[in-house]
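# Descriptive analysis of the structure
Next come the chains, spelled out residue by residue.
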Amino acid sequence: MTDANPVDPERVGSEESEPTGPRVTDKRRLDPETGKVRDTHSGSGAAVQAEVVSDVVADEALEVLEAEVVTEDEDVEEIVEGDDVHPDTTLAADLTRDLQRLQAEYVNYKKRVDRDRELHRDLAVASVVEALLPVLDDIHLARQHGDLEGGPFSAIADKLDGILTKIGVERYGQPGDTFDPNVHEALMHIEAELAEGTEGTTVVQVLQPGYRMGQRIIRVARVAVADPQT
C-alpha cells in the first residue's frame, strides 16, 4: 500500500519540513540546566546584537538607579543631621530670645519714662506753687479780713484759685480739723472751748493754709491748736 502523500527526501531537514506553529527561542545567557554561560555566537548576528544592546541598557539603567538611591540616602542623612544641630534653628532661637529681651527692656523703659515724666511734672508744679506761697498767703489774709469783698482784686484771686485747682493743687486746713502732725504744724497751743465730745487736739485757727497735690505735701498747714477740757 502506497502513502497518499509521499515524503520528498530532498525536503527533509529544510524549513518547509519543520512543523508549523509558534516557536519559542531561549535567549537566556545562562543555561538553566547546567548553569554555564551559553555561546552567544551560536545565534544570528541581529539577535546577538540586540541581546548585547539590551544588556548594556539594563546595566546603565541599574547604575543610574543605584546612583539615585545613594543620592537620596545622602539627602536624607543631611536632613536628619540638620534637624538635630541645624545652624539656622539655633540662630532663629537666639534671635527670638534677643527680641523678647529687647521688647521687655523697651516696656520697662517706657514705664520708667512715663513715671519719671509724671514725677518731673509734679516737681515742677510744686516748685512754682512753693514760689507763689507768699502771694497766696497774702490773698488768704485779705480774704479773712474781708478786703476782697466787692473789690476788683476778688476776681483775680478767684482766677488764681481756679488755676491751682486745674493743675491739681489743693488748699487745706480748716478750724475744727483734728490735728495731724503729718499735715499740720502747730505754731500756737491755746486754751479754747471745743465742741462737745471732742477727744483729741483740734485745730482752732489756721494761720497759713496748707497746700498739697495728690499725696505730695507742698507745705503743711500752720495752725493754732487746743486740747479738750478734762
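Structure's up top.
For clarity, every value in this text was computed on a predicted model and none was experimentally measured.

About the thresholds
Residues numbered from 1 in each chain as written. Predicted model: local features only at pLDDT ≥ 70, side-chain atom pairs only at ≥ 80, totals over all residues. Heavy atoms only, no water. Pairing = 2+ DSSP bridges. Helix = DSSP H or I, 4+ residues; strand = E, 2+ residues; numbered from the N terminus. Axes fitted to C-alpha atoms, helices over the stretch in contact; angles between N-to-C directions. Contact = heavy atoms within 4.5 Å. Salt bridge = Lys/Arg side-chain N within 4 Å of Asp/Glu carboxyl O.

Pairing within the open sheet is mixed, and its three strands lie in the order 2-6-3. Only two strands of the sheet have a single neighbouring strand rather than two, namely strand 2 (184-189) and strand 3 (202-208). Sheet twist, expressed as the mean angle between neighbouring strand axes with direction ignored, is 40°. Note that strand 3 and strand 6 (residues 221-226) share five bridges and pair antiparallel. Its bridge partner lying in strand 6, Val 206 is registered against Val 223.

Below, the discussion takes up the sheet that holds strand 4 (residues 210-213). Spatial ordering of the open sheet is given by 1-4-5, a layout of three strands whose pairing is antiparallel. A strand with exactly one partner marks an edge of an open sheet, and here the two such strands are strand 1 (170-172) and strand 5 (216-219). Strand after strand, the sheet turns through a mean of 35° between neighbouring axes, direction not considered. Pairing geometry for strand 4 and strand 5, over three bridges, is antiparallel. Among the inter-strand pairings, Tyr 211 is bridged to a residue of strand 5, identified as Arg 219. Against the sheet, helix 2 (residues 87-131) engages strand 4 and strand 5, with an angle of about 20° to strand 5.

A few words on the pattern of salt bridges. Across all of its chains, the model carries 10 salt bridges by this definition. The residue Arg 219 makes a salt bridge to Asp 137 at a minimum N-O spacing of 2.8 Å. One end of the pair, Arg 219, is in strand 5; the other, Asp 137, is in helix 3 (residues 133-144), and 82 residues separate them in sequence. One salt-bridge network, held together by shared partners, links Lys 110, Asp 114 and Arg 117.

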